[in-house]
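Analysis of the macromolecular model
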Amino acid sequence: MGKVLIIGAGGVGTVVAKKVAMNSDIFTEIMLASRTKSKCDKIVAEIKNVHIRTAAVDADNVDELCRLFDDFKPELVINVALPYQDLSIMEACLRSGVNYLDTANYEPLDEAKYEYSWQWAYHDRFREAGLTAILGCGFDPGCTSVYTAYAAKHHFDEIHYLDIVDCNGGDHHKAFATNFNPEINIREITQRGKYYEDGNWHETDPLSVHKTLNYPNIGPRESYLMYHEELESLVKNFPSIKRARFWMTFGQEYLTHLRVLQNVGMTRIDPVLYNGMEIVPIQFLKAVLPDPGELGENYSGETSIGCRIRGVKDGKERTYYIWNNCSHQAAYQETGAQGVSYTTGVPATTGAMMFFRGLWRKPGVFNVEDFDPDPFMQEVAKQGLPWHEAHDLDLEL
Ligand code: NDP
């Protein structure tokens, strides 16, 4: 049915390649391309029975991307490289007539700045070309955005308060490691916090606002208010929202390491001169930290990510909680990757299935909540991320 090109062969790319191969009735021709071809070949060697081509590509280079697109002629590109490559891949999609899906919004290399404006600016060009771009189809953004759309469609006339709650209750048994690309992860966590209330964005010092939240099957965990990109599209797409916040759990050990790394300058994103050569400290740090793709084997525990919502239905105030718990070990057994890569790669694959089935396909650039949530919700559960819901709990919102 469909020809797909996956770009990026890290933790998330591993899961996408494996899940796409498991659905070869839909993904009839598959290519995995990344900066380092040997990483693609290693992933593909673990996939039996399904033929997957591999290629080297520098996704910062639009001409190089176009040559690959024109040669393989994919219908859809799943971009699971880094956020820095979003615009070059979108540009190449327009030039070569290819549809687009990603899991993280564009971020300039020299500035940790998170906003959709750069990608939304492509809307008219994608529309005129008759191409679909699906933005933010991982877990958060991704499932959390679809959960919100599902809640709005089925359980509320108006959503007023939204808290996205992201808990990693797992233990990888390392002193310090990040669960996805360390550079992207640390840039995100060390930025100033931001939440939306009554039509305005409010900033907070990094990780300064926190409280204990209870997570299903995990228990109480200290949760920190952070800015997360889906807040921007959700408050735009659901204008009844009065307040939207994002919370993520961190252990004390993690925060202590992070503070020390910041204090000694290792999280800096600007170049410094070292032995006459320019290096970027955070890029060097990435090189010495554990590879998130290798954490799976000894990872125990689970993640729990969901949306806690308060609003009105038929004139009555209601609360609603929808979430998924994902076991790191189960994810590892199935794909060789830990739960955070899994919870990103499975929704990306599911979004691509929605595209090829013609259910999530319309010309322009859209966030996932712009599409019908129902078929995605059904499929993502089948693909390994079942969801649970509870009504009218006493949620602290
Ligand atoms: P990794 O660092 O493990 O993998 C990134 C991959 O992209 C690597 O294979 C890397 O190649 C490749 N790459 C980097 N630069 C280029 C380039 N210029 N050209 C071609 N390939 C390139 O990251 P993850 O797999 O952990 O994350 C992938 C994406 O998923 C990120 O954008 C991340 O933000 C997003 N994500 C989204 C989440 C969500 O819930 N929405 C959650 C977690 C992650 P090489 O190895 O050669 O450097």
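Residues numbered from 1 in each chain as written. Predicted model: local features only at pLDDT ≥ 70, side-chain atom pairs only at ≥ 80, totals over all residues. Heavy atoms only, no water.

**Overview of the overall build of the chain**
Keep this limit in mind: To qualify as a helix, a DSSP run of H or I must reach at least 4 residues; to qualify as a strand, a run of E must reach at least 2; elements of each kind are numbered from the N terminus. Each radius of gyration is computed over the set of C-alpha atoms, and the globule rule expresses the reference value as 2.2 Å times the number of residues to the power 0.38. Throughout, exposure labels follow a simple rule: accessible area from a 1.4 Å probe, protein chains only, divided by the maximum for the residue type, with under 20% read as buried, over 50% as exposed, and the rest as partly exposed. Pairs of residues are marked as contacts when any of their non-hydrogen atoms sit within 4.5 Å. Per-residue and other accessible areas were derived by the Shrake-Rupley procedure at a 1.4 Å probe size, with only the shown protein chains allowed to occlude residues. Lys and Arg are tallied as positive, Asp and Glu as negative. Neither His nor the chain termini are counted. To locate a charge, the coordinates of NZ of Lys, CZ of Arg, CG of Asp or CD of Glu are taken.
From N to C terminus, the chain includes 14 helices and 18 strands. In terms of overall size, the chain behaves like a compact globule, its C-alpha atoms giving a radius of gyration of 20 Å where 397 residues would be expected to give roughly 21 Å. With the C-alpha coordinates aligned to their principal axes, the bounding extent of the chain is approximately 55 × 55 × 40 Å. The burial tally for the chain puts 58% of its 397 residues in the buried class. If you take every contact in the chain between residues at least 6 apart in sequence, the share linking residues at least 24 apart comes to 72%. Counting only carbon and sulfur atoms, one obtains 47% of the accessible surface of the chain, whose full area is about 16200 Å². The average position of the 38 basic charges and that of the 55 acidic charges among the side chains of the chain differ by 2 Å.

**What about the UniProt feature "domain: Saccharopine dehydrogenase NADP binding" (unreviewed entry) in the chain?**
Here is the rule: UniProt positions are given in the numbering used here, feature names are shortened, and annotations may be inferred rather than shown by experiment.
Following the UniProt record, one finds the feature "domain: Saccharopine dehydrogenase NADP binding" (unreviewed entry) at residues 4–134. Secondary structure within residues 4–134 divides into 41% helix and 21% strand; the distance between the first and last C-alpha atoms comes to 14 Å.

**Let's talk about the site of the ligand**
Short version of the rule: We define proximity as follows: a residue is near a molecule or strand when any one of its heavy atoms falls within 4 Å of that partner. Polar contacts, as counted here, are pairs of nitrogen or oxygen atoms within 3.5 Å of one another; within protein the pair requires one atom able to donate a hydrogen and one able to accept it, and residues that are adjacent in sequence qualify only if both atoms are side-chain atoms. Just so you know the grouping, Ala, Val, Leu, Ile, Met, Phe, Trp, Tyr, Cys and Pro go in nonpolar, Asp, Glu, Lys and Arg go in charged, and all remaining residues, Gly too, go in polar. Boundary definitions for the domains trace back to an automatic or database domain assignment.
Close to the ligand lie 28 residues, the nearest being R35, T36, K39, A59 and N181. Here S34 contributes a side-chain N or O atom positioned 3.2 Å from an oxygen atom of the ligand. In the environment of the ligand, a nitrogen atom lies 2.8 Å from a nitrogen or oxygen atom belonging to the backbone of A59. Within the complex, the protein chains bury 93% of what would otherwise be the 930 Å² of accessible surface of the ligand. Here the shell around the ligand is composed, by residue class, of 13 nonpolar, 10 polar and 5 charged. Looking at the shell around the ligand, you find at least three residues from each of domain 1 (2–135) and domain 2 (143–337 + 385–391).

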